[in-house]
Amino acid sequence: MVKRKIIFVGGVHGVGKTTLCKNIESRFNIEHFSASNLITREKTEEHLRNKRVENIAGNQDILVKAISKYLKNENTYLIDGHFCLLNKDNEITKIPYSTFEGICPSAIIVLVDEPENIYTRLSSRDSIKHDLALLRSFQEQEIYNAEYIRDKLNIPYLMCNAAKSEDKIYTFIEGLVPQAVSE
């Protein structure tokens, strides 16, 4: 399997994926897409605001199709997304390995934070009160599935808190994309 030049940035909702990706994008000139926006672009439907996904497997197939359609193999991209999602019944559901096999990322960055910080961010951002125990379990499952995917694909991996480890992340990016020179 030929790896695409995709750095997959994962983590639970509210952990800081989009903020980090925007910082990396401007610093290294690496184009950024969110998995949900690629899915929406392909489906031409609005993403669900409540973070629960009706058809997780179907959406992941659409994501792989969108990546093949919109991203060029010679360019490096950041895609932020998830290794688990909450289904319509608010249950944690792993994104299948076949999705990541289809994405063919060249590396994974998993962002983590204290569940209390994630809870606060989500509450202020989305005006929705989430269950703290569910957020804790969600993050644990996100890490577990990310490590499983890393091992199956045998690719570079970094897990860290973006707010505390930005320099470590930038060094990781520079090691993956030699032409990425920070501005």
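Residues numbered from 1 in each chain as written. Predicted model: local features only at pLDDT ≥ 70, side-chain atom pairs only at ≥ 80, totals over all residues. Heavy atoms only, no water.

S.K.: Even after reading the chapter, I still don't get the packing of helix H5 (residues 115-126) against helix H6 (residues 132-153), so can you show me in this structure?
M.R.: Think of two packed helices as two axes; the pair is described by the angle between the axes and how far apart they sit. As a packed pair, H5 and H6 sit with axes 9 Å apart at the nearest point and diverge in direction by 115 degrees. The two elements H5 and H6 cross, and the hand of that crossing is right-handed. Packed against H5, whose contacting residues are Pro-115, Glu-116, Ile-118, Tyr-119 and Leu-122, the element H6 presents Leu-132, Leu-135, Arg-136 and Gln-139 at the interface. (Axes fitted to C-alpha atoms, helices over the stretch in contact; angles between N-to-C directions. Helix = DSSP H or I, 4+ residues; strand = E, 2+ residues; numbered from the N terminus. Left-handed = near helix turned anticlockwise from the far one by under 90°. Contact = heavy atoms within 4.5 Å.)

S.K.: Looking at this model, I keep getting lost on the packing of aromatic side chains. Mind explaining?
M.R.: Ring pairs (aromatic) are described by centroid distance and by the angle formed between their planes. Enumeration over the complete set of coordinates arrives at 6 aromatic pairs. Arranged with centres 5.2 Å apart and planes meeting at 70 degrees, the rings of Phe-8 and Phe-83 form a pair that is edge-to-face. Placement of Phe-8 in strand S1 (residues 6-10) and of Phe-83 in the loop between strand S4 (77-81) and strand S5 (84-87) is noted, with a sequence separation of 75 residues between them. The same class applies to Phe-8 as to Phe-83, namely buried. (Phe/Tyr/Trp six-rings, centres within 6.5 Å; stacked < 30°, edge-to-face > 60°. Buried < 20%, exposed > 50% of the residue type's maximum accessible area, 1.4 Å probe, protein only.)

S.K.: Any chance you could explain unusual backbone geometry here in plain terms?
M.R.: Most peptide bonds are trans, and most residues other than glycine sit at a negative phi. The backbone of Asn-90 sits at a positive phi, close to 65 degrees, despite the residue not being glycine. Along the polypeptide, Asn-90 turns up in the loop between S5 and strand S6 (92-94). For Asn-90, a relative accessible area of 27% puts it in the partly exposed group. Even without glycine at this site, Cys-104 takes up a positive phi of about 55 degrees.

S.K.: What is the right way to read the sheet that holds strand S8 (residues 157-160) from this model?
M.R.: Hydrogen bonds between backbone groups are what pair the strands of a sheet, and the pairing can be parallel or antiparallel. Ordered in space as S2-S4-S1-S7-S8, the 5 strands form an open sheet in which the pairing is parallel. Looking along the sheet, the strands with just one partner apiece sit at the ends: strand S2 (31-34) and S8. Strand-to-strand twist of the sheet, defined as the mean angle between neighbouring strand axes without regard to direction, takes the value 20 degrees. Packed on one face of the sheet, helix H1 (residues 17-28) meets S1, S2, S4 and strand S7 (107-111) and runs near 175 degrees to S4. (Pairing = 2+ DSSP bridges.)

S.K.: Honestly, H5 in this entry has me stumped. Any pointers?
M.R.: At 3.6 residues per turn, the α-helix brings residues three or four places apart onto the same side. Taking 1.5 Å of rise per residue, 12 residues should cover 16 Å, and H5 covers 16 Å from first to last C-alpha, within 8% of that figure. Elements in contact with the buried residues of H5: H6. Downstream of H5 by a residue or two, Ser-127 has a phi angle that is positive, lying close to 55 degrees. (Expected span 1.5 Å × (residues − 1).)

S.K.: When you look at the pattern of salt bridges in this model, what are you seeing that I'm missing?
M.R.: Note that side chains of opposite charge can pair when their charged atoms are close. One pass over the full model with this rule turns up 7 salt bridges. Among the salt bridges present, the one from Lys-88 reaches Asp-89, with a minimum N-O distance of 3.7 Å. The partly exposed category is assigned to Lys-88, whose relative accessible area is 44%. Of the charged contacts, one joins Arg-150 and Asp-151 as a salt bridge, the two residues approaching to 2.8 Å between their closest N and O atoms. Assessed through its relative accessible area of 23%, Arg-150 is described here as partly exposed. Several salt bridges share partner residues, and in doing so they unite Glu-42, Lys-65 and Lys-69 into one network. (Salt bridge = Lys/Arg side-chain N within 4 Å of Asp/Glu carboxyl O.)

S.K.: Explain the packing of H1 against helix H7 (residues 166-176) to me, please; I cannot follow it from the model alone.
M.R.: Across the interface, H1 lies against H7 with an axial gap of 12 Å and an inter-helix angle of 55 degrees. Classified by the interaxial angle, the pair formed by H1 and H7 is oblique. Two packed elements cross with a definite hand, and for H1 against H7 that hand is right-handed. Taking contact as the criterion, the partners of Leu-20, Asn-23, Ile-24, Arg-27 and Phe-28 in H1 are, on H7, Glu-166, Ile-169, Tyr-170, Ile-173 and Glu-174. (Parallel < 35°, antiparallel > 145°, perpendicular 65-115°, else oblique.)

S.K.: Before we go on, may I ask you to explain the side chain of Asp-113 in this structure?
M.R.: Along the chain, the position of Asp-113 falls in the loop between S7 and H5. By relative accessible area, Asp-113 is classed as buried at 9%. At 3.1 Å, the side chain of Asp-113 and the side chain of Asn-161 are in polar contact. If sequence neighbours within four positions are ignored, Asp-113 has contacts with Val-15, Ile-118, Arg-121, Gln-139 and Asn-161. (Polar contact = N/O pair within 3.5 Å; in protein donor to acceptor, adjacent residues only side chain to side chain.)

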